Amino acid sequence: MKNLNNVIFLLLLVAAIAVSCKDDDVDCCTIVDTTVIMKFVDENGVNLLNDIAEDGIEPAGIVLYYRVNGQWEEYFEANLDAPKGYLTTEESGDAFFILYTDPGYSENNITEIKIQFTEDLSGILKAEFTRSGSNVTCTKVWYDDELKWDQSSQSERSFVVELR
């Protein structure tokens, strides 16, 4: 009986090892690196997302629109932690806008996003992506056609935008 238990144990061990082995050609992980961090300021450098900003912007009122087949479509994904496609955060008393660009809306590896702050104030962000296997990385970002960041800068994907 003891030999039978040893044989069963050995067979289970071999089966577990065989199942856990992976093919080296299979991509085990997916990296999606598409986050953009922005600070919106007025002409005096006042952060418009801070509570103390006189003509500030209410973060909850910001709406994102993605360009899809030439038309602007409002972005909302209820199943996500950031269903409107962005979050705001505060660091050292300064508020920042964290935009989770969605490369699924890209055409020719560029996604266009209209950021609607108020009825009269909006801007267009364009993000360029590269794909390698299942990995997606943001490589360039423009705001209102001005290049704000590219991966050759080797810095964090963040920048300041002056709203007028």
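Residues numbered from 1 in each chain as written. Predicted model: local features only at pLDDT ≥ 70, side-chain atom pairs only at ≥ 80, totals over all residues. Heavy atoms only, no water.

## Quick look at unusual backbone geometry
- Phi at Ser 92 is positive, roughly 55°, even though this residue is not glycine.
- Within the element layout of this structure, Ser 92 appears in the loop between β5 (86-91) and β6 (94-100).
- Here Asp 144, not a glycine, exhibits a phi torsion of approximately 45°, which is positive.
- In this fold, Asp 144 is placed in the loop between β9 (135-143) and β10 (146-150). (Helix = DSSP H or I, 4+ residues; strand = E, 2+ residues; numbered from the N terminus.)

## Topic: the nonpolar core
- In terms of nonpolar packing, the biggest core is built from 30 residues, with Met 38, Phe 97, Leu 99, Ile 115, Leu 125 and Tyr 143 touching the most fellow members.
- Broken down by secondary-structure element, the contributors of at least two residues to this core are β2 (35-41), β3 (63-68), β6, β7 (110-116), β8 (122-132), β9 and β11 (158-162).
- At four residues, the largest contribution of residues to this core is made by β9.
- Beyond its immediate sequence surroundings of up to four residues, Phe 97 is in contact with Val 36, Ile 37, Met 38, Phe 40, Leu 49, Ile 62, Leu 64, Tyr 86, Leu 87, Thr 88 and Ile 115. (Core = buried A, V, L, I, M, F, W, Y, C linked by side-chain atoms within 4.5 Å. Buried < 20%, exposed > 50% of the residue type's maximum accessible area, 1.4 Å probe, protein only. Contact = heavy atoms within 4.5 Å.)

## Description of the side chain of Thr 139
- By the element assignment, Thr 139 lies in strand β9.
- Among the residues examined, Thr 139 registers a relative accessible area of 5% and is labelled buried.
- For Thr 139, the contacting residues outside a window of four places in its chain are Glu 128, Phe 129, Thr 130, Trp 149, Asp 150 and Gln 151.

Just distances and angles here, no functional claims.
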